[in-house]
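One-letter residues, chain by chain:
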Amino acid sequence: MAVGKSKEKLLEVKNLKVSFGEHRHKNVVVNDVSFDIYKGETFGLVGESGSGKTTIGRAIIRINPTLSGDIIFNGQKINGKISKEQDRELTSKIQMIFQDPMASLNERAKVDYIVSEGLLNRKVKIPKEKRKEMVDKALLDVGLLPEFSSRFPHEFSGGQRQRIGIARALIMEPEFIIADEPISALDVSIRAQVLNLLSELQKKRNLTYLFIAHDLSVMRFIADRIAVIHKGVFVELGETEKLFKNPLHPYTKALLSAIPMPDPIAEKKKVLTVYDPSIHDYSVQKPKWVEIEENHFVLGNDTEIGQYRKSLK
Amino acid sequence: MEKEVALSVKNLNVKFNLRGKILHAIRDISLEVYKGESLAIVGESGSGKSVFTKTFIGLLDKNGWIDSGEILYGDKNLAAFKTEKEWLTIRGKEIAMVLQDPMTSLNPLKTIGAQIGEAIEMHRGLKGAACKAAVLEILQDVGITEPERRYKQYPHEFSGGMRQRVVIAIAVACKPKTLICDEPTTALDVTIQAQILDLLKNLKKKYDLTTIYITHDLGVVANVADRIAVMYAGDIVEYGTSEEVFYDPKHPYTWALLSSLPQLGKKGEDLYSIKGTPPNLFNEIHGDAFAPRNPKALKIDFIERPPLFEVTPTHKVRSWLMDPRAPKVEPPEHIKELRKMGGKATWQ
């Protein structure tokens, strides 16, 4: 739980805006988003496709340039212009695990190269033997055999490929890992294995995760805190249990109701809640980001906040 | 009440030839699909669930063939079909299929209207204005707003959920009696997934369809399935009504599949995961295919294939645990929880 863990901030995101396109075609996909991620926690980011959740992850890892706002990692600003030195350091501190293990591995390279590619970019060259040792260890850490290092990606199943993707991130000895839908492309039975591996690695190495997904059911199991994003704007943020117990924003409720439950009688009775953004009337009162109870934030105007408060009691 | 059989599969065996090696993909499956029901076939990737249903519409890859067995549909035996001409009397007209990935199953160079119209023209013989009217009606049916405008658009102008609606529209355009949905929602978001499942349920009612769902996610089918068949390594190991399979599963594989659902996970504890990997179907399988991954497997599981034991007239299980001589093995904790949940599952 985030409460029990240190309150030391690893990553601060302040009023982040990201846009694509220029001038007339400018499209702001992340609009004024702020959050902190504490050391050792798993921060979940949930939203539908096109909501900007991946863009936030990519802005942190410096793939997408930011329009305005600050991203602060370990007390240092990391967006915008930074020195080459700092850039190189960040690349090893922040790593990413991608969604589709079928597309994110170089088909023409052997596992050995795929896993150690990040090391080749370091300023201090690592001798060949040492590198081999590190690859073997990284593979063992994710539950693969060192012998696999001379094989090609096509020889592996989806779950194994995702493990290679994780090994590739781990070998850089990162502090912070952005996992972008790491399990959505996998079978249910393999999902469990990969999730277990991720939480085991977190315990062993004191990693911090930003876990991006569209599925709240997985989040409950892995995340300490969850932020719900809709169309580039955060609508609710809270500790996992609080959010599941008292979902306030209608969009969060819609997301929760969409999770299929393994219970046929309840499922067949279920009425699907569909989120309709036009229920908010923000023409007079502008919405605000309010801490409605401890560590539970929600977006709404004064009238809505009043209703949310009532529903809490 | 006696249910009418729509499709009956008897001792079906399907084999593939891969670089000279023979792969036994479907191992002696018998199953009946009733008229108007919705059946879900659940299994891991590689369990043969897609191959199994592809035999119903003659879409097996070129290197695969039906080795033995029958697929009876009405008075025809689909397993004996040889020519494309024979298949065209069934495929699309009688049995249609919705494929998994809406991003790849549409032609990017043709408008949506033309793609749906093509199916209508071919199967229902409508042309020109009549054809367009039929397309617009179907677009409306699958929940696409402003059909007039959408008619002229190309697939890239549609979102993933909307494209899946178009794919469904093409499938139901020729008024089939049976609709096979192969992982219809796997590539979609949860909210969209729920909407598509809702749509399929409504269409089933409206067109009086028999629906067969294929999925790897048991969580998805609780909402839509009347009956569930669990597949493992080319064999159906358990089938029953969805209440029977969710609240009273008997086969260890069904237990494992249900237990690994993240919905049942508890924070701080490891999620249940199935150890090992599915068997290699190039090798001959002895006994219960799941035995090597089942920590509580009996000795006989490794020697002889279990027969189909009857739990209730609708619920059958292929596991030695059901034999009267077998020791009592309690289902795992998660399964007992599911039974307790019985109809009261919520998020709070």
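Provided above is the structure to which this section pertains.
The text that follows walks through the structure, step by step, so that each part is easy to find. A quick note: this is a predicted structure, and the numbers were derived from the prediction, not measured.

Each helix and strand in chain A was counted, giving eleven helices and twelve strands. The C-alpha atoms of chain A give 21 Å as radius of gyration, which agrees with the globular expectation for 313 residues (20 Å, within 12%). Its C-alpha atoms give chain A principal-axis dimensions of about 65 × 50 × 45 Å. Within chain A, the fraction of its 313 residues that count as buried is 45%. Restricting the contact set of chain A to residue pairs at least 6 apart, pairs at least 24 apart contribute 64%.

Here the focus is the overall build of chain B. On a plain count of helices and strands, chain B comes out with eleven helices and twelve strands. Its C-alpha atoms give chain B a radius of gyration of 21 Å, near enough to 20 Å, the size a compact globule of 348 residues would have. The principal-axis extent of the C-alpha atoms belonging to chain B is close to 70 × 55 × 45 Å. Within the span of chain B, comprising 348 residues, buried residues form 47% of the whole. Of the contacts formed within chain B by residues at least 6 apart in sequence, a portion of 64% connects residues at least 24 apart.

Counting 178 residues, the largest nonpolar core has Ala-167 and Phe-211 of chain A together with Ile-41, Ala-169, Val-221 and Val-230 of chain B as the members making the most contacts within it. It is helix H6 (residues 160–173) of chain B that contributes the most residues to this core, nine residues altogether.

Now for the sheet that holds strand S7 (residues 178–182) of chain B. Residues and elements named next belong to chain B. Taken in spatial order, the eight strands of this open sheet run S6-S7-S8-S3-S9-S10-S12-S11, and their pairing is mixed. Among the strands making up the open sheet, the edge pair consists of strand S6 (95–98) and strand S11 (309–312). Strand-to-strand twist across the sheet, computed as the mean angle between neighbouring axes with direction ignored, equals 20°.

This part covers helix H3 (residues 111–120) of chain A. Of the residues making up H3 of chain A, those classed as buried are Val-111, Ile-114, Val-115 and Ser-116 of chain A. Each element contacted by the buried residues of H3 of chain A is listed here: helix H4 (128–141) and helix H5 (158–170) of chain A.

Residues and elements named next belong to chain A. Spatially, S2-S1-S4-S5 is the arrangement adopted by the four strands of the open sheet, whose pairing is antiparallel. With one partner strand each, in any of the chains shown, strand S2 (27–38) and strand S5 (76–77) form the two edges of the open sheet. Of the strand pairs in this sheet, strand S1 (residues 9–20) and S2 are connected by eight bridges, and their pairing is antiparallel. When the sheet's bridge partners are listed, Phe-20 is paired in S2 with Asn-27.

Residue and element names in this part refer to chain A. Counted residue by residue, strand S3 (residues 42–46) has five buried out of five residues, so it is predominantly covered. Side chains of S3 alternate between two faces, with Thr-42, Gly-44 and Val-46 and Phe-43 and Leu-45 buried alike. Summarising the sheet, S3 and strand S8 (residues 208–213) pair through five bridges and their orientation is parallel. What sits directly across from Leu-45, in S8, is Ile-212. Here S3 runs beside strand S9 (residues 225–230); their pairing, made up of four bridges, is parallel. Paired with Val-46 across the two strands is Val-228, which belongs to S9.

Cut-offs used in this document
- Residues numbered from 1 in each chain as written.
- Chains lettered and ligands numbered in written order.
- Predicted model: local features only at pLDDT ≥ 70, side-chain atom pairs only at ≥ 80, totals over all residues.
- Helix = DSSP H or I, 4+ residues; strand = E, 2+ residues; numbered from the N terminus.
- Rg over C-alpha atoms; globule rule 2.2 N^0.38 Å.
- Buried ≥ 20, exposed ≤ 12 C-beta atoms within 10 Å, placed from the backbone.
- Contact = placed C-beta atoms within 7 Å.
- Core = buried A, V, L, I, M, F, W, Y, C linked by C-beta atoms within 7 Å.
- Pairing = 2+ DSSP bridges.
- Axes fitted to C-alpha atoms, helices over the stretch in contact; angles between N-to-C directions.

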